[in-house]
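Geometric and topological summary
Chain residues, written in single-letter form:
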Amino acid sequence: MTRPAAPDHREVLIAGPQVRRMLRQLGWRGAGQPVRSVSEAMAVCMSAALLTGMRAGELCALARRDLHEDHAVLHTSKTGKGRHVPLTATRAVP
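What counts and what doesn't
- Residues numbered from 1 in each chain as written.
- Predicted model: local features only at pLDDT ≥ 70, side-chain atom pairs only at ≥ 80, totals over all residues.
- Heavy atoms only, no water.
- Helix = DSSP H or I, 4+ residues; strand = E, 2+ residues; numbered from the N terminus.
- Rg over C-alpha atoms; globule rule 2.2 N^0.38 Å.
- Buried < 20%, exposed > 50% of the residue type's maximum accessible area, 1.4 Å probe, protein only.
- Contact = heavy atoms within 4.5 Å.
- Areas by Shrake-Rupley, 256 points an atom, 1.4 Å probe, with all protein chains shown as cover.
- Lys, Arg positive; Asp, Glu negative; His and termini not counted.
- Charge placed at Lys NZ, Arg CZ, Asp CG, Glu CD.
- Salt bridge = Lys/Arg side-chain N within 4 Å of Asp/Glu carboxyl O.
- 1 Å grid on protein atoms, 1.4 Å probe; cavity = no way out; pocket = protein on both sides within 12 Å on 5 of 7 lines; lining within 4 Å.
- Points joined across faces, edges and corners; volume = space filled by probe spheres on them.
- Nonpolar A, V, L, I, M, F, W, Y, C, P; charged D, E, K, R; others polar.
- Patch = residues over 30% accessible without salt bridge, like charges linked within 9 Å, V, L, I, M, F, W, Y side chains within 5 Å.

**Considerations on the overall build of the chain**
- Scanning the chain for helices and strands turns up 3 helices and 2 strands.
- Traced from its N-terminal end to its C-terminal end, the chain shows the element sequence α-α-α-β-β.
- Computed over C-alpha atoms, the radius of gyration of the chain comes to 16 Å, more than 25% over the 12 Å expected from 2.2 N^0.38 for 94 residues, which places it beyond the range of a compact globule.
- Principal-axis analysis of the C-alpha atoms places the extent of the chain at approximately 55 × 30 × 25 Å.
- Among the 94 residues that make up the chain, the fraction classed as buried is 18%.
- Intrachain contacts of the chain at a sequence separation of at least 6 include 23% that bridge at least 24 residues.
- As presented, the chain carries roughly 7,600 Å² of accessible surface, and 57% of it is formed by carbon and sulfur atoms.
- For the chain, the distance from the average site of its 14 positive side-chain charges to the average site of its 7 negative ones is 4 Å.

**A few points about the pattern of salt bridges**
- One pass over the structure, following the stated rule, counts 4 salt bridges.
- Glu-58 serves as the salt-bridge partner of Arg-55, at 3.2 Å between the closest nitrogen and oxygen.
- The class for Arg-55 is partly exposed, based on a relative accessible area of 41%.
- The buried category is assigned to Glu-58, whose relative accessible area is 5%.
- Two residues, Arg-83 and Glu-58, come together in a salt bridge whose shortest N-O distance is 3.0 Å.

**Regarding empty space enclosed by the protein**
- Counted under the stated rule, the structure contains 1 cavity of 30 Å³ or more.
- There is about 50 Å³ of room inside the largest cavity.
- What lines the largest cavity is simply Trp-28, Arg-29, Gly-30, Gln-33, Pro-34, Val-35, Glu-40 and Val-44.
- Looking at side-chain class alone, the lining of the largest cavity contains 4 nonpolar, 2 polar and 2 charged residues.

**Here we look at a nonpolar patch on the surface**
- Residues Val-12, Ile-14, Met-22 and Leu-50 make up a contiguous nonpolar surface patch of roughly 360 Å² in combined accessible area.
- The residue Ile-14 is located in the segment before helix 1 (16–25) in this model.
- Classification of Ile-14 as partly exposed rests on a relative accessible area of 44%.

**Some details on the environment of Arg-36**
- Note on placement: Arg-36 falls in the loop between helix 1 and helix 2 (38–52).
- Judged by its relative accessible area of 63%, Arg-36 falls in the exposed class.

Shown next, in the form of structure tokens:
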């Protein structure tokens, strides 16, 4: 019995125009606006993931007490260890 070959690694870089197009399709109205639909909530989560590099599970696990002015505290990450994620001053995707 032989081990199957490893699949090719795929890396996709999302450009600014693609991000803006996806956010528009999700109904993004800009930072600081109240969220009025599930699709707008998805846009907020997507922009947070793109700005911080956090995974979906890490974003979902955040509690208010984990958010600070300049960083977010992840108690558990994919590696099983906690970490601090720097937060930028950027409030919206350009």
